[in-house]
Amino acid sequence: MATLTYKPFKQDKRTIYTTVNGLPSDNILSAAFDNSGRIWVGTDKGAAVLENGSFIAAEAFSDSVQVLFKDNDGNLWVGSGNVVCTADGKNKQELDSDIVSIAQDHSGNLRLITKEYLYRYDGGFIRWHSNDATPLDMAAFGDGEIYVAVGNSLMTAFGKRLRWFSVNSETSDMPETQVQAVAADKFGMLWVGTADGVLVYDSRNHWVTKKQVNSLCSYNVKKILFGKSGKRYVGTDIGIMIYDGAKRHFYVEGYWLPSGEVTAIAENADGNAIIVGTNKGVSVIETLTMTLADKARHYEQMTEKYNVRDMGFVTNRFIDNGYDFNSGSVEISDNDGLWTGSYLIGEAFRYAVTGEQEALDISRRSMKALLYLMKITGIPGFTARAIRRPGEERYGDGNPEWHLTKDDISDVEWKGETSSDEMVGHFAAASTYFDFCADESEKKEISDAICAIVDHILSHGYRLCDADGLPTTWANWSPDDLNRSDRWFWERGVNSLEMLAFLKTAYHMSGDEKYNAEYLRLIKEEHYAVNTMSRKIDDAHTCHIDDNLCFLVSIPLLRYETDPDLLHCYLIGMREHWEYERVERNPFWNILYAAFTDECSDLDTGINGLRELPLDLLELKLINSVRNDLEWDYSPEKFGEEPQMKTALPYDEKPIAIYDTNQLLADRTRDDYRLCDGAVYLMPYWIGRYYGLIGE
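Residues numbered from 1 in each chain as written. Predicted model: local features only at pLDDT ≥ 70, side-chain atom pairs only at ≥ 80, totals over all residues. Heavy atoms only, no water.

(A) Structural context of the sheet that holds strand 3 (residues 28-33). Read across the sheet, four strands follow the order 3-4-5-6 without closing on themselves; strand pairing throughout is antiparallel. A strand with exactly one partner marks an edge of an open sheet, and here the two such strands are strand 3 and strand 6 (54-57). Direction aside, neighbouring strands of the sheet carry axes that sit 30° apart on average. Summarising the sheet, strand 5 (residues 46-51) and strand 6 pair through four bridges and their orientation is antiparallel. Looking at strand 6, one finds that Val49 is bridged to Ile56. (Pairing = 2+ DSSP bridges. Helix = DSSP H or I, 4+ residues; strand = E, 2+ residues; numbered from the N terminus. Axes fitted to C-alpha atoms, helices over the stretch in contact; angles between N-to-C directions.)

Encoded structure:
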């Protein structure tokens, strides 16, 4: 089996700042790092400096600060209106009109341009030449080369007696467009930002456009910065595009930026952090160096700090105050067992790999929480979805699915209408804990609880029956329904797979032959194994709940089944399912598929997905549909759904989504904030480590 060992990789981390964090205004006009690495931001209401996580107003610069520029000697120049000086208040000059840009060429010549004049620096800024057009941006390179974006053209100043020349569609091969930004390297290669995207110009007579290089930005470009290590930062009206060698990231409004309209870009001296100013605040994006193991540890710490509630249940956290993760509360969800179980699976595999006591302790806490749900209802074998106590959200709201009882702590409500989702979470998690973590007394307790669930299902016609005596809506594994009712067409394969896994798990834990006998009966008389071969039905990638359940429940079934004929059925079904879902680039499904099939064709895609995941798994409003580089799939419309992408975007560019949600959606339109727990990373990562797919 292939093992992929990744060297440490670059991981971006962002922090958003607004007036809440001390900015004088959210309308950012300029940004810079000073010589000591401190962050300066210029706004329409003055400048501010980042100190200990908050911005402090720079009292000397309380008016609009449209230019911040650090020169090669470490001086930070501040342009406010028509006044320029260094940040220490020295070298102050009043110029003819408002300052537009400051630039320095590769020989150290400092240039400044206002709305009316071009200046050179010689102990002070000296008026050099009047402008032929109103400038928007300026680049300086070589020894005295200057190019200025002026809207309808790109202007260059040259000659013994300085003169301007207009480079435009009439005088060169430059396409007809609106020129708004410009940056240059030491070789004289210019990136020209226009209303239609980026153009590359050799500063002589050769132009490259998107027609020749497809990866060039084609959006409305407002700012361009060349980084010290070769990175290109392109700020547009919908986000920032970052070119780093062959890699390209496009960060739009939402997770990475407070607004898509980029108004300022600055890079620090080491090239491992940038400031991105917008019209709604500023984002600081740091590039860290991490290993996959470092990242796993980070998510474990994040989850333990923010996503654990009463008795060890692990779910999403609702955030009340933007990016303040300490605000809000952990969700009481319809699937507390499924999500807690997913986290448990990752930690149990971690314990199997590392033997770390912390992993065992977390796994044990989660297993106790699941066992509590299995018993609190008082109905043998019937598991609660969730519990809530007095003082918790919506406790006692009269919802008929919530039932009041008592435990050793207090009054408690438990939720019924339990679904197949919950059962899959319980069986996959309990089986993993049973095999890797449980001592003998725990094995007996878990075996009894799991067998009680299976006994309940078998004695109620392959259904879960609630406190009111009625079958729940989705927990149905009946052969009559799955095989002989069109109403259960979509669930035939997945629910057959689930029931076989439940029986196999009960048999594995208890050794009771009745479970194996029923397992074989469903295979021989009700073709359940054959059903699993076509478990995935074309749904235009619109419903992912059952997809996730199939892969989760495959963990115990494929680990316990040894008969080659049955494994053949199950693996064919898994292959068909995985092939259909490959476009989603799902780390969990790709890694699990490789673990059980020894086919690793998309293993690198799965591991790359783990690398791409942002460091905080924050769900928030994120709009990618404004981009023009997405390929759309309209087939979901036949199911009443919106069009979605044909292939999933990188995980750091699209909305955060756990694995039972649609990875092909371009947007998240909701305005609320939810912090997901780390199972989305930890489960596939530790499974990959256990099966030797990921080396460290």
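(B) Representation of a nonpolar patch on the surface. Side chains of Phe489, Trp490 and Phe639 sit close together on the surface and give an oily, nonpolar patch of about 280 Å² of accessible area. With respect to the helices and strands, the residue Phe489 is situated in the loop between helix 6 (479-484) and helix 7 (492-510). (Patch = residues over 30% accessible without salt bridge, like charges linked within 9 Å, V, L, I, M, F, W, Y side chains within 5 Å. Areas by Shrake-Rupley, 256 points an atom, 1.4 Å probe, with all protein chains shown as cover. Salt bridge = Lys/Arg side-chain N within 4 Å of Asp/Glu carboxyl O.)

(C) Looking closely at the pairing of strand 29 (residues 281-290). In terms of burial, strand 29 is a largely internal element, seven of the 10 residues being buried. As defined by bridge partners, strand 2 (residues 9-17) adjoins strand 29 across nine bridges and the pair is classed as antiparallel. Bridging from a neighbouring strand, Tyr17 pairs with Val282 of strand 29. Alignment of strand 28 (residues 273-278) against strand 29, held across six bridges, turns out to be antiparallel. By the bridge assignment, Ile275 is partnered in strand 29 with Val284. Between strand 28 and strand 29, which follow one another and run antiparallel, lie two residues. (Buried < 20%, exposed > 50% of the residue type's maximum accessible area, 1.4 Å probe, protein only.)

(D) Local environment of the packing of aromatic side chains. Evaluation of the coordinates by the stated rule reveals 33 aromatic pairs. Relative to Trp207, the ring of Tyr201 lies with its centre 4.0 Å away and its plane at 10°, an arrangement referred to as stacked. As far as the burial class goes, Tyr201 and Trp207 line up, both buried. Centre to centre, the rings of Tyr323 and Tyr673 are 5.8 Å apart; their planes meet at 75°, and the pair counts as edge-to-face. With Tyr323 in the loop between strand 32 (317-319) and strand 33 (329-330) and Tyr673 in strand 44 (residues 673-675), the pair connects residues that are 350 residues apart, well separated along the chain. Accessibility expressed as a relative area gives 29% for Tyr323, which makes it partly exposed. The exposure class of Tyr673 is partly exposed, given its relative accessible area of 23%. One aromatic cluster is present, formed by Phe349, Phe436, Phe596, Tyr690 and Tyr691 through successive ring pairs. We note Arg232 situated over the ring of Trp191; from NZ or CZ to the ring centre the distance is 5.8 Å. Above the plane of the ring of Phe551 lies Arg535, whose end atom (NZ or CZ) is 5.3 Å from the centre. (Phe/Tyr/Trp six-rings, centres within 6.5 Å; stacked < 30°, edge-to-face > 60°. Lys NZ or Arg CZ within 6 Å of the ring centre and 35° of its normal.)

That's the geometry; what it means functionally is another story.
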